[in-house]
Structure formats: C-alpha cells, structure tokens
Amino acid sequence: VCHLPKLKDRPDFYSQKRDLVNSKKLFPEYKDLPSHTLQDVIARVEKAFDRWLSGDSNGKRSGKPRFKGQGRFRSIAFPDPVKPEHINGRFIQLPKIGKLKMILHRPLPDDFKIKTAAIVKKVDGYYITLSLQDATVPVLTPDTPELDNTIGIDMGLKSFLFTDAGEEIEIPQHYRKAEKRLKRLQRSLSRKKKGSNRRNSALKRVAKAHLKVSNQRKDFHYKTAKKLLSRGKHVAHEKLNIKGIARTRLAKSTHDAGWGQFLQILSIKAERAGLLAIAVNPNGTSQNCS
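None of these values were measured; they are calculated from a predicted model. (Residues numbered from 1 in each chain as written. Predicted model: local features only at pLDDT ≥ 70, side-chain atom pairs only at ≥ 80, totals over all residues. Heavy atoms only, no water.)

Caption draft 1: The overall build of the chain, seen in detail. Scanning the chain from terminus to terminus reveals 9 helices and 11 strands. Relative to the 2.2 N^0.38 estimate, which gives 19 Å for 290 residues, the radius of gyration of the chain is 24 Å and therefore markedly larger than a compact globule would have. Counting over 290 residues, the chain shows a buried share of 26%. Partitioning the intrachain contacts of the chain with sequence separation of at least 6 by distance along the chain shows that 61% fall at a separation of at least 24. Element-wise, carbon and sulfur atoms account for 52% of the exposed surface of the chain, whose accessible area totals about 21300 Å². Separation between the mean location of the 60 positive side-chain charges and that of the 28 negative ones in the chain comes to 13 Å. (Helix = DSSP H or I, 4+ residues; strand = E, 2+ residues; numbered from the N terminus. Rg over C-alpha atoms; globule rule 2.2 N^0.38 Å. Buried < 20%, exposed > 50% of the residue type's maximum accessible area, 1.4 Å probe, protein only. Contact = heavy atoms within 4.5 Å. Areas by Shrake-Rupley, 256 points an atom, 1.4 Å probe, with all protein chains shown as cover. Lys, Arg positive; Asp, Glu negative; His and termini not counted. Charge placed at Lys NZ, Arg CZ, Asp CG, Glu CD.)

Caption draft 2: Just the side chain of His237, in detail. Residue position: His237 is located in strand 10 (residues 234-238). Of the residues examined, His237 reaches a relative accessible area of 8% and is grouped as buried. Excluding anything up to four places from it in sequence, His237 contacts Ile153, Leu263, Leu266, Ala277, Ile278, Ala279 and Val280.

Caption draft 3: Quick look at the packing of helix 4 (residues 174-190) against helix 5 (residues 197-229). It is the contact of helix 4 with helix 5, at a shortest axis distance of 9 Å, that shows an interaxial angle of 170°. As judged from the angle between their axes, helix 4 and helix 5 are roughly antiparallel. Residue-level inspection shows His174, Tyr175, Ala178, Arg181, Leu182, Leu185, Gln186, Ser188 and Leu189 of helix 4 in contact with helix 5, the latter providing Arg199, Ala202, Leu203, Arg205, Val206, Ala209, His210, Val213, Gln216, Arg217 and Phe220. (Axes fitted to C-alpha atoms, helices over the stretch in contact; angles between N-to-C directions. Parallel < 35°, antiparallel > 145°, perpendicular 65-115°, else oblique.)

Caption draft 4: Up close: the sheet that holds strand 1 (residues 75-78). The strand order 1-5-6 describes an open sheet built from 3 strands, whose pairing is antiparallel. Pairing within the sheet leaves two strands with one partner each, and these edge strands are strand 1 and strand 6 (125-133). Mean inter-strand twist for the sheet, computed between neighbouring axes without regard to direction, equals 15°. Direction of pairing for strand 5 (residues 113-122) relative to strand 6: antiparallel, over a ladder of 9 bridges. (Pairing = 2+ DSSP bridges.)

Caption draft 5: The sheet that holds strand 3 (residues 91-94), seen in detail. Overall, antiparallel pairing links the 3 strands, which are arranged 2-3-4 in an open sheet. At either margin of the open sheet sits one strand with a lone partner, and together these are strand 2 (87-88) and strand 4 (98-101). Of the strand pairs in this sheet, strand 2 and strand 3 are connected by 2 bridges, and their pairing is antiparallel. Bridge pairing links Ile87 to Ile92 in strand 3.

Caption draft 6: Expanded view of the nonpolar core. Core analysis: the largest hydrophobic core is formed by 20 residues, its most contacted members being Ile153, Phe160, Leu161, Leu228, Val235, Phe262 and Leu266. Among the elements that line this core, the one with the most residues is helix 8 (residues 259-272), at 6 residues. Apart from residues lying up to four places away in sequence, Leu161 is in contact with Ile153, Asp154, Met155, Glu167, Glu168, Ile169, Thr224, Leu228 and Phe262. (Core = buried A, V, L, I, M, F, W, Y, C linked by side-chain atoms within 4.5 Å.)

Caption draft 7: Quick peek at helix 3 (residues 35-53). Its 19 residues place the ends of helix 3 27 Å apart at the C-alpha level, agreeing with the 27 Å of an ideal helix rising 1.5 Å per residue. Restricting attention to buried positions, one finds in helix 3 the residues Thr37, Leu38, Asp40 and Ile42. (Expected span 1.5 Å × (residues − 1).)

Caption draft 8: Expanded view of the environment of Lys177. Along the chain, Lys177 falls in helix 4. By relative accessible area, Lys177 is classed as exposed at 66%. For the pair formed by Lys177 and Val213, sequence separation is 36 residues and the distance between their alpha carbons is 9.2 Å.

Caption draft 9: Local environment of the packing of aromatic side chains. Taken as a whole, this structure holds 5 aromatic pairs when the rule is applied. Plain terms: the ring middles of Phe160 and Phe220 are 5.0 Å apart, the flat faces sit at 75° to each other, and that makes the pair edge-to-face. A residue pair is termed long-range when its members are at least 10 positions apart, and Phe160 in strand 8 (residues 159-163) and Phe220 in helix 5 qualify at 60 residues. One aromatic cluster is present, built from ring pairs that chain together Phe160, Phe220 and Phe262. Directly above the aromatic system of Tyr127 lies the positively charged group of Lys122, at a separation of 5.1 Å from the ring centroid. (Phe/Tyr/Trp six-rings, centres within 6.5 Å; stacked < 30°, edge-to-face > 60°. Lys NZ or Arg CZ within 6 Å of the ring centre and 35° of its normal.)

Rendered as structure tokens:
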C-alpha cells in the first residue's frame with residue numbers, strides 16, 4: 001500500500017502565475033513588487049528548464065539551471081508597455097517604484113512605442129534598457145551576395161583579422177594588458193575576511209577592473225564591425241568552432257579576442273545596414289584569404 005500523496009501535474013508558467021496570489025499571502029513583501037515583474041521571473045525559470053530538458057529551436061540544450069541567490073539576481077524586467085508620458089525629461093516612472101532619475105544616451109523618437117523596460121545592476125551603477133517598436137521602419141532586403149560585393153575576413157590570434165585585400169587589424173589584447181593589475185587585485189581580495197566591509201570593497205575593485213576590460217573589448221568590436229560594413233559590402237567569415245578552440249591551451253587568448261561577441265555584433269549591424277554576414281566552411285579559408 002502506497003501512502004504517498006498523489007503526484008501533482010507538472011507545473012508550468014500559467015499554473016505558477018495563478019499561484020502568485022497564494023505567494024503574496026505567504027510572503028507579504030511580494031505585494032510591493034509589480035505583478036508583471038513577478039510573472040517575468042517565472043517565465044525566465046520556465047525558459048531555463050525548457051532549454052535544459054528539451055533544448056531551444058535548434059535542439060541545442062543548455063546546462064542545468066542553478067539557484068540564483070540575492071547576489072546573483074542582477075536584473076529586473078517590466079514587460080508591461082511604458083507609456084510615453086511616463087518618460088519626462090530625465091525621469092522615468094515605473095510601476096510600484098515611482099520616478100527614477102536617468103541619463104538618456106540618445107533622444108527617443110516620436111513614432112516609437114516603448115514595449116518593455118529592464119533594469120540591470122552593474123558594479124558601476126544601474127542601467128535601464130528600453131525596447132522600442134515602430135511599424136513604419138522599412139525591412140531592408142539584402143542583395144544576392146557575389147564575389148564583387150562581398151569581402152572575406154580571416155580571424156586569428158596573432159592579428160584579430162585579415163581581409164581578402166590583405167588589410168590587417170591588430171588584436172588589442174585588453175585582458176592580457178590588464179592581467180597584472182587583476183592578479184594584484186585578486187590577491188588582495190583573497191586575503192580579506194568573508195563578510196567584511198573590506199572584502200566587499202575589494203570585490204568591487206575586482207569587478208570594476210573586469211568590467212573595464214569587457215567594455216574595451218566590446219568597443220573595439222563595434223568599431224571594427226562599423227569599419228567593415230562602411231564599405232557597403234557583405235562580409236564572409238569562417239564558421240569557427242569557438243567552444244572547441246576555447247577548450248584547448250589557446251583558451252585565454254580566444255576569450256580575450258572575443259570572436260563570438262564580434263560575430264554576433266557583426267551580424268546584427270549587417271542586418272540593420274541591409275547586408276549579410278555569411279558563415280562559410282573554414283576548411284582552406286586561411287590559405288586563400290591570407
């Protein structure tokens with residue numbers, strides 16, 4: 001005779017969303033949070049488990065989801081559309097939070113609708129990301145790539161890339177240059193007592209040093225992508241197995257170069273310019289391109 005209770009149905013996004021009413025009764029502090037934000041957290045959890053168990057649209061599975069404690073949950077999303085009147089000059093009004101002071105990097109167009117907002121906490125402050133929608137923006141249809149309207153690039157570790165015209169772009173090696181200072185900061189961090197104020201200060205110094213390296217690398221990638229696409233031609237690049245190369249003894253140099261981030265930026269910027277970033281089989285490309 002089995003005395004175990006009857007197994008419940010597998011919880012999904014909608015059943016957990018309905019159960020938020022009970023969660024707010026058990027944890028009254030949840031009432032201070034916007035409902036759409038709580039639902040977005042459930043959607044993130046479901047997406048993480050689906051990609052672990054079933055995989056994404058390409059069948060690629062991610063790793064097992066890990067518990068995100070207070071120190072690991074650094075972003076909060078507001079899926080509910082933000083009305084234009086909620087942004088007034090240097091202030092934005094968010095539900096249950098009120099008015100927040102912000103610095104707009106660029107003015108918002110008049111015809112765009114603000115669909116979502118997300119606040120991300122970084123070591124140097126808080127950043128808010130607004131996603132915009134405008135149905136009047138035309139969809140650019142790229143031309144058919146041919147030899148005369150396409151340039152080829154060959155990426156490497158001695159030089160960041162070579163073009164088919166023989167042009168070379170040096171690799172900046174931001175992490176290698178900052179490695180000595182990072183080691184010194186991390187040694188200082190390891191000597192601090194856990195939970196102390198000095199350790200928290202040392203942790204922020206290490207995080208700021210890593211953030212600076214990351215920002216320098218991203219800035220270099222954007223400028224390089226703009227330089228390639230300013231010629232108005234499609235860009236063909238190698239379809240590299242970056243994860244496989246990163247498991248070898250070239251791991252540090254591979255991560256320092258940031259090929260994956262560069263190719264992602266190149267693809268997005270090319271699509272906005274009405275061009276294509278074409279991935280080709282890398283067999284034999286280094287000999288032909290160089």
